[in-house]
Amino acid sequence: MTSSRQPFSSPSLLAVIGTAALVLSSSNSTANAQGQPYDYTSEHVVARASAISKDFQSIGGFLAQQNGADRQNARALYQLGAYCQSFATLQLNTVLTEAIIQGATVTGTSESGATISGILHSDAFPGDATIEVMYLIPSDGITKICSVSGNPTPQYDQCFVTTGEITLPDGSTLGYTGYDLDNDTANGLSMQSMSSSISGAATQGYPRIGTFAAYYGTNKYADQFIQAAFDKVDTSLLTGNAEFSKFTQFGTNKFIEVATLTMSSWMHIIIKMQDAVEVCKSLPDGGKKVSEVPIWDNAVATYRGMGGAAGGTMGQLYHLANQYCAKFGTCQDGPGGTQGMAKANEKAYIHFNSGKQDLLDGKCDLAEVALDQAAVAMLIPLVQGLLYHAYELDLFKEQREVVQGEAAAFLHSVLPLVHSCSQGNAVMIYNQIKVGNGKMASFEAIKSSIEGQYECLGITCEDIGGVRDLSDPTTYQQSGFPCGAFNPGDTGGVGGGGDVIPDPAPIPVPSAPTSPGRQPTPWPTQDEVPTSTPTDPPSSVYQLIEYDDATEDGVTYALAIGLPLLSVLAVAFVVFRTYMKKKDSGKEFDSGETDGASPDDETQDDLKVENLQGEML
């Protein structure tokens, strides 16, 4: 028997609205230890969203083995999923006579007779002969859930018995037969579905995905990068391509591991929050207030994962922000701000919570403002990751493929946003750290290029911080200081006593604005890709100037115009000096006299001038 529905189908609008009383994601107003006044950890939300972090952890674990078999296991798990939204398609003995709404709680039994809990994965209507039941995470942990689909070692213990009954909330039962555990169990969310299930219509109304789709030429850019990395072949996108053929499995495995988080999960969260806003807008005036907002809750739960308060290895983007705040001094606690929760996480949760409250109140426009601000906060660890791995490649001289792969994943996660702010600087960053170029990366060039775009991106120097010293976290590594904090007296060195710069003033903890006057944080958008942008961006500073905007900063113009001018002046000076020497010795250029010099000597002088001119140009 096969499922009658696609495993990655989206919840219907009926289900989104109708689960108000059934999807019980608690909304108490008392802040918990992390300063988060809402609970995004109900069993429904965990099964639908947080559990994806187990897939992410498992993919990373297989890739770390660095062998072909486990690489294939990682790919199957990436494509099919294993732990998140695991659901059974059950063939009913009789067709339904009444509708059952998505989210309704049901129970069944396993082969051993244990009670198994689940919820309706999708709406069921009168006349349907099948239902889809999503397994909830059992009390003994996610590793015990019924997990078959892309799991290389399927877990059957907590699956429904092959023939049995499902008990509905009202106590009535539905009989079913022929449940094939291998073929009738699927996952409603996988890393690949995060990467590739964005519809074409999304680029029209969702400016954030539109920026990426316009740059790469496809909505499914993340999946194309990851699949190409699995195959170790070059991508064929509109621009910003990656030549994975230059990498072995060490570089591609690390790229895949990081990109599933920074490219797939990051954009999926933003799209789901936008979905929640669009549902709000679709409700009739006077009926926009709701008691629950499950799509928004699921997006936040995906951001947090299952790593607990500290983030942990299953902490998803929440954990990533905590990792990089320790490297950049932007955490809440510890010497130099290197311990505790990332300030980026605190900012993100302020906007997650205010957006949820706006949706509950039916204030759709304000919820969209909160979404914009949350997206900016989520960008902070991506920029930090790009800078840190550029620093590793250049100044730490840590140039193994795994580092290059990690740097490339962060590069392609932010490149379209930088491009929408400054095409010239995007080209500069791309050429510095693209796949195959990592060993030639210049941290200072990358740092300067991206710092100039902070205002456009909506972030600040304080948000990003600087690369903290390894031995003394109250100081910065050589050249790793935050923008605007340069100390001309720097005498530090890499790895031991860097730039001794006082910490910037503490960043005030932002409070969620509540007045109707809130304005969105500016977010770069791009209606179309300029036709002059080549697939492979130019590497020459002379070509670079062709793509600069009129608003580009003076440094780029100085490099692009000053260098050619200096080379012309230098050649002119050499020619003039040669002419004067010959004139002083009484020699005319057309006289045929050599003044004691052989024709070969004169030819050598001409060659030197030509060679010098070639070097200058």
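Rules of the game
Each residue is numbered by its place in its chain's sequence as written, counting from 1. The predicted nature of this model means local features are confined to residues of pLDDT at least 70 and side-chain atom pairs, given and counted, to a pLDDT of 80 or more, with totals for whole chains, interfaces and linings taken over all residues. Heavy atoms from the whole structure form the basis of all side-chain values; hydrogens and water molecules are not counted. Each helix is a run of DSSP H or I of at least 4 residues and each strand a run of E of at least 2, with the numbering of both proceeding from the N terminus. The term polar contact refers here to a pair of N or O atoms within 3.5 Å; inside protein, the definition further demands a hydrogen-donor-capable atom paired with an acceptor-capable atom, and it admits residues adjacent in sequence only when both atoms are side-chain atoms. Throughout, a residue-residue contact means that at least one pair of heavy atoms, one from each residue, lies within 4.5 Å. The term nonpolar core refers to a set of buried residues drawn from Ala, Val, Leu, Ile, Met, Phe, Trp, Tyr and Cys, joined through side-chain atoms within 4.5 Å. Categorising residues by exposure relies on relative accessible area from a 1.4 Å probe, with only protein chains included: less than 20% of the type maximum marks a residue as buried, more than 50% marks it as exposed, and the intermediate range marks it as partly exposed. Confidence of the predictor at the level of single residues is given by pLDDT, which spans 0 to 100. By convention in this document, the label disulfide applies to cysteine sulfur atom pairs within 2.5 Å.

J.: Explanation requested: the side chain of Glu 392 in the structure shown.
T.: With respect to the helices and strands, Glu 392 occurs in helix α13 (residues 364-394). A polar side-chain atom of Glu 392 sits 2.7 Å from a polar atom in the side chain of His 389. Contact partners of Glu 392, with chain neighbours within four places excluded, come to Lys 397, Glu 398 and Val 403.

J.: What's the story with the nonpolar core in this structure? I'm lost.
T.: Side chains of nonpolar character tend, in soluble globular proteins, to be buried together. Ranked by internal contacts, the top residues of the largest apolar core, which has 150 residues, are Phe 160, Trp 266, Trp 296, Tyr 303 and Phe 352. Element by element, the count of residues in this core is highest for α13, at 18 residues.

J.: Explanation requested: the confidence of the model for the protein in the structure shown.
T.: In low-pLDDT segments, the atomic positions of the prediction should not be examined closely. Mean pLDDT over the protein: 78, with 70% of residues reaching 70 or higher. Across residues 487-561 the pLDDT falls below 50, and counting only partners more than four positions away or on other chains, this stretch makes 153 contacts in the model.

J.: Honestly, the environment of Lys 144 in this entry has me stumped. Any pointers?
T.: Here Lys 144 is to be found in the loop between β4 (130-135) and β5 (164-167). For Lys 144, a relative accessible area of 42% translates into the label partly exposed. Separated by 12 residues in sequence, Lys 144 and Tyr 156 place their C-alpha atoms 8.6 Å apart. Lys 144 has contacts with Pro 138, Gln 155 and Gln 158, leaving out every residue within four places of it along the chain.

J.: Sorry if this is basic, but what is going on with the state of the cysteines here?
T.: Here a disulfide denotes a covalent bond joining the sulfur atom of one cysteine to the sulfur atom of another. Summed over the entire model, instances satisfying the criterion amount to five disulfides. One disulfide in the model links Cys 146 with Cys 159; its S-S distance is 1.9 Å. Between Cys 146 and Cys 159 the sulfur-sulfur dihedral comes to about 85 degrees; the bridge is accordingly right-handed. With Cys 146 in the loop between β4 and β5 and Cys 159 in the loop between β4 and β5, the pair connects residues that are 13 residues apart, well separated along the chain. Of the two residues, Cys 146 and Cys 159, both sit in the buried class. Disulfide partner of Cys 421: Cys 456, at an S-S distance of 2.1 Å. Here the S-S torsion is close to -85 degrees, and the disulfide linking Cys 421 with Cys 456 is therefore left-handed. Here Cys 421 is found in helix α14 (residues 401-421), whereas its partner Cys 456 is found in helix α17 (residues 454-457), with 35 residues between them in sequence. What makes Cys 421 buried here is its relative accessible area of 14%. Along the protein, the cysteines engaged in disulfide bonds are linked according to the scheme 1-2, 3-6, 4-5, 7-8, 9-10 when indexed in sequence order.

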